[in-house]
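# Reading the structure
One-letter residues, chain by chain:
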Amino acid sequence: MTEVTRLFDFPYYQLKNNPSNSTFVTKYDGKWTPISTQEYVDKANAVSRALLKLGIKKNDKIAVISSTNRTEWNIMDIGILQTGAQNIPIYPTICAEDYEYVLNHSESIYCFVSDEEVLAKVNAIKSKTQLKEVYSFNHIEGCKHYSELFELGKDESNQPDVETRKNAVKPHDLATIIYTSGTTGKPKGVMLSHWNITSNALDSVDRLPVKGNDVRILSFLPICHIFERVLIYIYQYAGVNIYFAEGLDKIGDNAKEINPHLMSVVPRLLEKVYDKIMLKAEDLSGIKKKLFFWAVELGEEWEPYGANGAWYEFKLSIARKLIFSKWKAALGGELHTMVSGSAALQPRLSRIFCAAGMQVMEGYGLTETSPVVSVGKYDNHMFRVGSVGKAIPNVEIKIADDGEILIKGPNVMMGYYKDPEKTAEVMSGDYFHTGDKGEVDADGFLKITGRKKEMFKTSGGKYIIPTLLENELKQSRFIEQVMVVGEGEKMPGAIIQPNFEYIRDWIEHKGKDIGNSETEIATSEIIIKRIQKEVDKCNSHFGKWEQIKRFELTPEAWTIDAGHLTPTMKMKRSVVLDMYQDLYDKIYRQ
């Protein structure tokens, strides 16, 4: 078997073409524990045999909820899909009520959870669902352990039945339903076929700069989201070794332990890494401090492909040796590529990390497009700062008359589960309407310019694109989150969440006595004046009608749990506005 047309074909392809002793590596009890490609396939088949014995039929739904990426998730994924059933991945961080909605809407009959916290949420609503049983990856008292499936599937006598089920699965059959963390209303179930995702992985493989089982990948973005999930399939096809981080807070430690060559990131992570580096620089003095900021300023001028000339490249080589090598060492020393998705990355950060020898390849996509639409690659001049790369093969990008990005290709979803009306709203013919606005330059590079629905008019009739202002403001280390407001008002304003973590360190360094609580920080005249400087700096890049005239600071951090953000860290605009109606009124009514 060499042809890959369904998701469960990936491990078999790897087994035949590039088997590894470390296909997946997860840390258990402080020890990195690998699983070979052969063991991965064997365990997936045991799971399939067990599921058939449990009575799983074609098109049954099985939910998988894990707080971290881990080997077990992938074994279950293949084991489920081989039976013709569908894997329903659920974000672990959503509330119990949303668990109830997704489990019922998808009609899931079994659920696999990672740990006690997730299990508690599921158990709280289990009686209101169709769930027959819940299994856990961790050993938890009172809950069946997922290894019981290996015991049940140990008898291989029904393996021919598994093969019959596998053969009955066609490329265009439904593989998974991914519930998007909608910024308004209930989440929508995006139906993706085997071929939607498989074609997307195959069409994206050539953008991967490294292949082979001497390559180490660090995986930590949620695998329940299609971005990391499709990367996992791409990695299997490329035969690389995938290490699963213990959690977001352990990325630095894990990177030093395994020395990864590549990892996927989101812009917020790079912003936090950069903020910490810059804060540490405040402790330097004399020549060390001068050298550090010289290197950063040099990095801010970086252009790809040696465009700045030989003298710049010579200075950069010195900066890399003296300064940037330490940045790289903090992430294991061998990291040379980071794939960034989910939101726009500040061009300044892209330049600095690329200058440091850790190239950031931005990509663009949506759950509905499985997800990759475009992605950069440093080779073959397929990289440009400020763009999200070029379209991958077989995917067509079309810019509508109003600037909206339309997508056509084998990666476009089957539709929204049980919602033909919403499906019809985003599909015209073969084209999916992304809701994003963008432009494609003469060389084929795509640039995202904003969200179609988020653009608004002031009372003076001037159009404002809030994301452009927000992205500029978020370049400040003092600002964590920001929402530009002002629809129908006389001028734009902003509701800003200060970067409390950075500001606390800044206060300590500067010896300011303004208190340490979030409320004290948000009401401090010193902080308000400091953030005003950042707003003034932002305003200098925009026309007078676009400039933010007033802003208010929120006295708490915006979080997923509190409802400000979706599980993919996107802002819920209507929710934020409701929560801070008093601040909005202060901007416009006082």
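Please refer to the structure higher up on the page.
First things first, this report covers the structure right here in the doc.

Reading the values: rules and limits
- Residues numbered from 1 in each chain as written.
- Predicted model: local features only at pLDDT ≥ 70, side-chain atom pairs only at ≥ 80, totals over all residues.
- Heavy atoms only, no water.
- Helix = DSSP H or I, 4+ residues; strand = E, 2+ residues; numbered from the N terminus.
- Rg over C-alpha atoms; globule rule 2.2 N^0.38 Å.
- Buried < 20%, exposed > 50% of the residue type's maximum accessible area, 1.4 Å probe, protein only.
- Contact = heavy atoms within 4.5 Å.
- Lys, Arg positive; Asp, Glu negative; His and termini not counted.
- Charge placed at Lys NZ, Arg CZ, Asp CG, Glu CD.
- Pairing = 2+ DSSP bridges.
- Axes fitted to C-alpha atoms, helices over the stretch in contact; angles between N-to-C directions.
- Parallel < 35°, antiparallel > 145°, perpendicular 65-115°, else oblique.
- Left-handed = near helix turned anticlockwise from the far one by under 90°.
- Nonpolar A, V, L, I, M, F, W, Y, C, P; charged D, E, K, R; others polar.
- Expected span 1.5 Å × (residues − 1).
- Arc of directions from axis to C-beta.
- Phe/Tyr/Trp six-rings, centres within 6.5 Å; stacked < 30°, edge-to-face > 60°.
- Lys NZ or Arg CZ within 6 Å of the ring centre and 35° of its normal.

### A word on the overall build of the protein chain
Summing up its helical and strand segments, the protein chain has 21 helices and 27 strands in all. Its C-alpha atoms give the protein chain a radius of gyration of 25 Å, near enough to 25 Å, the size a compact globule of 590 residues would have. In terms of overall dimensions, the protein chain has C-alpha extents of about 70 × 55 × 50 Å along its principal axes. When the 590 residues of the protein chain are sorted by exposure, 56% land in the buried category. Taking the contacts inside the protein chain whose residues are at least 6 apart along the sequence as the reference set, 67% of them involve residues at least 24 apart. Treating the 74 positive side-chain charges of the protein chain as one cloud and the 79 negative ones as another, the clouds have centres 3 Å apart.

### Observations concerning the pairing of strand β21 (residues 431–440)
For β21, the tally of buried residues reaches seven of 10 residues, placing the bulk of the element in the interior. Relative to β21, strand β18 (residues 404–408) is paired through three bridges, and the arrangement is antiparallel. Opposite I407, over in β21, you have F432 as the bridge partner. In this structure, strand β20 (residues 427–428) lies alongside β21, joined through two bridges in antiparallel fashion. The residue bridging S428 from the neighbouring strand is Y431, located in β21. Remark: two residues form the turn of the hairpin made by β20 and β21, two consecutive strands paired antiparallel; G429 in that turn has positive phi of roughly 65°. Relative to strand β22 (residues 446–451), β21 runs antiparallel, the two sharing five bridges. Across the sheet, the residue bridging to E439 is K447, located in β22.

### Observations concerning the sheet that holds strand β16 (residues 390–391)
The mixed open sheet is built from nine strands, whose spatial order is β2-β1-β11-β10-β12-β13-β14-β15-β16. Whereas interior strands pair on both sides, the edge strands pair on one side only; in this sheet they are β2 (31–35) and β16. Pairing geometry for strand β1 (residues 24–28) and strand β11 (residues 241–244), over two bridges, is parallel. Looking at the pairing, F24 lines up with I242 of β11. Of the strands in this sheet, β1, β2 and β11 are in contact with helix α3 (residues 71–81), which crosses β1 at around 135°. Across the sheet, helix α11 (residues 267–281) is in contact with β12 (262–265), β13 (337–340) and β14 (359–365); its angle to β12 comes to roughly 105°.

### Overview of the packing of helix α1 (residues 9–17) against helix α9 (residues 226–238)
For the pair α1 and α9, the least separation of the axes is 8 Å and the interaxial angle reads 25°. Taken as axis vectors, α1 and α9 run roughly parallel relative to one another. Both α1 and α9 take part in a crossing whose hand is left-handed. Within the contact between the two elements, α1 uses F10, P11, Y13 and Q14 and α9 uses Y233, Q236 and Y237. Taken together, the residues of the contact of α1 with α9 sort by class into five nonpolar, two polar and no charged.

### Considering the sheet that holds strand β25 (residues 479–485)
On the basis of which strands lie adjacent, the open sheet formed by three strands has the order β25-β26-β27 and mixed pairing. Bordering the open sheet on either side are β25 and β27 (550–553), each of which pairs with just one other strand. Sheet twist, expressed as the average angle between the axes of neighbouring strands with direction ignored, equals 25°. Relative to strand β26 (residues 493–498), β25 runs antiparallel, the two being bridged by six bridges. Of the residues in β26, the one forming a bridge with V485 is G493. Contacts between helix α21 (residues 581–589) and the sheet are confined to β25, β26 and β27, with β27 contributing the most and set at about 155° to the helix.

### Some remarks on helix α12 (residues 286–300)
Taking 1.5 Å of rise per residue, 15 residues should cover 21 Å, and α12 covers 22 Å from first to last C-alpha, within 8% of that figure. Taken residue by residue, α12 has F292, A295, V296, L298 and G299 as its buried positions. For α12, the angular spread of the buried residues around the axis is 160°, confining them to a single face. More than 90 degrees from the buried face of α12, the exposed residues found are I287 and K290. Residues of α12 that are buried sit in contact with α11, α13 (310–329) and α14 (347–355).

### Here we look at the packing of aromatic side chains
In this structure the tally under the stated criterion is 24 aromatic pairs. Where F10 meets Y237, the ring centres are 6.2 Å apart and the plane angle is 80°; that geometry is what we call edge-to-face. Of this pair, F10 sits in helix α1 while Y237 sits in helix α9, and the two are 227 residues apart along the sequence. With a relative accessible area of 0%, F10 lands in the buried category. The exposure class assigned to Y237 is partly exposed, which follows from its relative accessible area of 25%. Ring pairing ties together the aromatic residues Y274, F292, F293, F324, W327 and F353, which thus form one cluster. Here K188 stacks its cationic end above the ring of Y416, 5.3 Å away from the centre of that ring. When the ring centre of W545 is taken as reference, the NZ or CZ atom of K462 above it lies at 5.3 Å.

What is shown is where atoms sit, not what they do.
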